[in-house]
Amino acid sequence: QVQLVESGGGLVQAGGSLRLSCAASGSTSSILAMGWYHQAPGKQRELVATITREGRMDYADSVKGRFTISRDTAKNTVYLQMNSLKPEDTAVYYCNARTAFVRYWGQGTQVTVSS
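Residues numbered from 1 in each chain as written. Predicted model: local features only at pLDDT ≥ 70, side-chain atom pairs only at ≥ 80, totals over all residues. Heavy atoms only, no water.

Draft legend 1. View of the packing of aromatic side chains. In the structure shown here, the tally under the stated rule is two aromatic pairs. Here Tyr 37 and Trp 105 contribute two aromatic rings whose centre-to-centre distance is 5.0 Å and whose plane-to-plane angle is 70°, an arrangement assigned as edge-to-face. Here Tyr 37 is found in strand E4 (residues 33-39), whereas its partner Trp 105 is found in strand E10 (residues 103-105), with 68 residues between them in sequence. The exposure class of Tyr 37 is buried, given its relative accessible area of 14%. Assessed through its relative accessible area of 35%, Trp 105 is described here as partly exposed. A ring pair is formed by Tyr 94 and Trp 105, whose centres lie 6.5 Å apart and whose planes are at 90°; its orientation type is edge-to-face. Here Tyr 94, found in strand E9 (residues 91-98), pairs with Trp 105, found in strand E10; they are 11 residues apart in sequence, far enough to count as distant. (Phe/Tyr/Trp six-rings, centres within 6.5 Å; stacked < 30°, edge-to-face > 60°. Helix = DSSP H or I, 4+ residues; strand = E, 2+ residues; numbered from the N terminus. Buried < 20%, exposed > 50% of the residue type's maximum accessible area, 1.4 Å probe, protein only.)

Next comes the structure, spelled out in structure tokens:
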């Protein structure tokens, strides 16, 4: 079992920045990749960024150049630095951890970008 706890969401004006954190606990040695997804009202949950155990990073086209995913291996924590935020980035952001057989999700943190 893996437990994920997110923090760092909030309200920010367009053009501003936020940093999300996701701390993993439990069977962290089984994690192959961690990432962030977001879900806006009435829409499906979508990938934002992922980072594998080997350090490979991938981003949705909509956030490339604005968002950066990083990790602190010693703390089992993944971060999402979000810069140049746009109103369309408004969503609930979920942390995800992928093992060989199971995906785990955090509780979600709201990010609201005002215009």
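Now that the structure has been shown, we can carry on.
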